[in-house]
Amino acid sequence: KCSRQDVPHSIINLLDGFKASKTLFTASKLKVFDVLNSSESLTLEEVAGQINASVLGTERLLEAAVSLGLLERVKQRDTTVYRNTEQASRFLVSDSPMSLHGYILHCNDMVWPLFSHLENAVVEGISQHERAFGKKNEDVFQDAYYSKDEVKIRFMDAMHSIARVTGKDVATAFDLSSYKTACDIGGCTGAMAYELTKAHPGLSVIVFDLPQVIEMRRHFKPKEEDDMVSFVAGDFFKDDLPKADLYILARILHDWSDEKLHVLLSKLSKMCTPGCGLLVSEIFLDEERKRPSRALLQALSMTEGKQRSTTEYSDLLEKHGFTLRHIQHTDNLLDAMLFVKEDPNDKRT
Ligand code: SAM
């Protein structure tokens, strides 16, 4: 009986992974999914014409996208046409409500160049912004993302797209009916705030973020007016935080070291009276720090942050007087934990 050669499929998949990512990025950047959405199905030549690209290059891109399940190729009478798969229509067309387009462009234009310097990042143990973009950055937001309007909008688009995909699941993860006022710290475009007010009628939400971000808020306003959402500009390391009975930290804690977080969390703890809630939304690592690997891959290009498990988040917050009440694994891109500020007198008894 002849034995078959061992084939290391998982390694081969990893070898090719970057080609698949770049195929998705390029098709998104060249607006392939958008042009197919506006005409439902197009021939190769029509797609090439609409994206201003060569027929040969477009054919290779479309064929690769078909093989990855992003597009479909069908015969209509004597002609072969391409069209979006259902997933592409929902998540890749740039103006669909659940579009990941903004995040994909951020991955292409910001994360990809950083990852091309991964060797240096590992050897030096520092972020590669300077090598990739020729700019030193002390604070990734103020120095890298917000120093140019074009980069700022791209970053905000990226945050907005992830927040819209995850927002509803996070906003409905817990019973928040006892809270009347919330403050979304580092709430960026307000995407999560709008989901919160939709899910919890009567709750008003203040979005607190840097002035450079808050000044762009009208860009991201939903079609329907929502006067339960308001915006306050400030620096969460330096300025006073708005008063609220529920605070949200969505994708904030992973960006900073424990030392930096101590500054923010001490301030937050002082603002909170007993019973105040704190909702943390992040990718939670399992206790062995093995999964999800998405979290660990993201950490490779971090400046000073780190990914943490639910126990690590809970230890960090307990030091500031917050007690863990619930953990919700949402099966979406982000999970959530709900903490409550303790009454220090209760602790002593
Ligand atoms: N919470 C949003 C979400 O989940 O989509 C955005 C998360 S984004 C990774 C981090 C946010 O923190 C950005 O909107 C950024 O502008 C904000 N931020 C960073 N440093 C800040 C600071 N010092 N003060 C206030 N906001 C800050």
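Coordinates for the structure precede this section.
Residues numbered from 1 in each chain as written. Predicted model: local features only at pLDDT ≥ 70, side-chain atom pairs only at ≥ 80, totals over all residues. Heavy atoms only, no water.

A look at the site of the ligand
Close contacts around the ligand come from 18 residues, with Tyr 146, Asp 209, Phe 236, Ala 250 and Arg 251 the closest. Side-chain polar atom of Asp 209 to an oxygen atom of the ligand: 2.6 Å apart, as the coordinates give it. For the ligand, an oxygen atom lies 2.7 Å from a polar atom in the side chain of Arg 251. When the free accessible area of the ligand is taken as 590 Å², the share hidden by the protein chains comes to 97%. Looking at the shell around the ligand, its residues break down into 12 nonpolar, 2 polar and 4 charged. (Near = heavy atom within 4 Å. Polar contact = N/O pair within 3.5 Å; in protein donor to acceptor, adjacent residues only side chain to side chain. Areas by Shrake-Rupley, 256 points an atom, 1.4 Å probe, with all protein chains shown as cover. Nonpolar A, V, L, I, M, F, W, Y, C, P; charged D, E, K, R; others polar.)

Some words on unusual backbone geometry
Of note, the amide linkage connecting Arg 291 to Pro 292 takes the cis form, showing an omega dihedral of -10 degrees. Inspection of the secondary structure assignment puts Pro 292 in the loop between strand S7 (277-282) and helix H14 (293-299). Of note in this structure, Lys 31 is not a glycine but carries a positive phi near 65 degrees. Summarising the element assignment, Lys 31 is placed in the loop between helix H1 (9-29) and helix H2 (32-39). Positive phi values are uncommon outside glycine, yet Arg 251 reaches one of about 55 degrees. Positionally, Arg 251 belongs in the loop between strand S6 (246-250) and helix H13 (258-271). A residue is classified by how much of its surface remains accessible, and Arg 251, at 19% relative accessible area, is buried. (Helix = DSSP H or I, 4+ residues; strand = E, 2+ residues; numbered from the N terminus. Buried < 20%, exposed > 50% of the residue type's maximum accessible area, 1.4 Å probe, protein only.)

Quick notes on the sheet that holds S7
Read from one edge to the other, the open sheet built from 7 strands follows the order S5-S4-S3-S6-S7-S9-S8, with strand pairing classed as mixed. Across the chains shown, the open sheet's two edge strands, defined by having one partner strand only, are strand S5 (229-233) and strand S8 (322-328). Between one strand axis and the next, the sheet turns through 20 degrees on average, direction left out of account. Packed on one face of the sheet, helix H15 (residues 310-318) meets S7, S8 and strand S9 (335-341) and runs near 25 degrees to S9. (Pairing = 2+ DSSP bridges. Axes fitted to C-alpha atoms, helices over the stretch in contact; angles between N-to-C directions. Contact = heavy atoms within 4.5 Å.)

Focus: the side chain of Glu 282
With respect to the element layout, Glu 282 can be found in strand S7. No salt bridge is formed by the buried Glu 282, whose closest oppositely charged neighbour, Arg 308, lies at an N-O distance of 6.6 Å. Of the polar contacts made by the side chain of Glu 282, one reaches the backbone nitrogen of Ile 252; its length is 3.2 Å. One polar contact links Glu 282 to His 254, side chain to side chain, over a distance of 2.7 Å. If we ignore the near neighbours within four places in the chain, the residues touching Glu 282 are Arg 251, Ile 252, Leu 253, His 254, Tyr 313, Leu 334 and Asp 335. (Lys, Arg positive; Asp, Glu negative; His and termini not counted. Salt bridge = Lys/Arg side-chain N within 4 Å of Asp/Glu carboxyl O.)

Digging into the packing of helix H10 (residues 149-171) against helix H11 (residues 191-199)
In contact at an axis separation of 8 Å, H10 and H11 are set at 30 degrees when each is read in the N-to-C sense. In terms of axis orientation, H10 runs roughly parallel to H11. The element H10 and its partner H11 pack so that their crossing is right-handed. Contacts between H10 and H11 involve His 160, Ala 163, Arg 164, Gly 167, Lys 168, Val 170 and Ala 171 on the former and, on the latter, Ala 191, Met 192, Glu 195, Leu 196 and Ala 199. (Parallel < 35°, antiparallel > 145°, perpendicular 65-115°, else oblique. Left-handed = near helix turned anticlockwise from the far one by under 90°.)

Some thoughts on the pairing of S8
The pairing of S8 with S9 spans 6 bridges and is antiparallel. What sits directly across from Leu 324, in S9, is Phe 339. As consecutive antiparallel partners, S8 and S9 are separated by 6 residues, and within that stretch Asp 331 has a phi angle of approximately 70 degrees, a positive value.

A short note on the side chain of Gln 128
The residue Gln 128 is located in the loop between helix H7 (118-124) and helix H8 (129-133) in this model. On the basis of relative accessibility, which here comes to 4%, the residue Gln 128 falls in the buried class. Among the polar contacts made by the side chain of Gln 128, one reaches the side chain of Glu 124 at a distance of 3.3 Å. Reaching out from Gln 128, the side chain makes a polar contact with the backbone oxygen of Ile 126 at a distance of 3.0 Å. Ignoring sequence-local partners within four residues, the contact set of Gln 128 consists of Leu 114, His 117, Asn 120 and Ala 121.

Quick notes on the pattern of salt bridges
Following the criterion strictly, the structure yields 17 salt bridges and no others. Of the charged contacts, one joins Glu 288 and Lys 290 as a salt bridge, the two residues approaching to 4.0 Å between their closest N and O atoms. Residue classification places Glu 288 among the exposed positions, given a relative accessible area of 59%. Each of Lys 29, Asp 109 and Arg 154 takes part in salt bridges that share partners, so that together they form one network.

Comments concerning the packing of H1 against helix H6 (residues 101-115)
Running from N to C, H1 and H6 point in directions that differ by 120 degrees, and their axes come no closer than 9 Å. By the angle between their directions, the pair H1 and H6 is classed as oblique. At the point where H1 passes H6, the crossing takes the left-handed sense. For the pair H1 and H6, contact is made by Phe 18, Lys 22, Leu 24, Phe 25, Ser 28 and Lys 29 and by His 101, Ile 104, Leu 105, Cys 107, Asn 108, Asp 109 and Trp 112, respectively.

Spatial relationships are all this shows, so hold off on functional conclusions.
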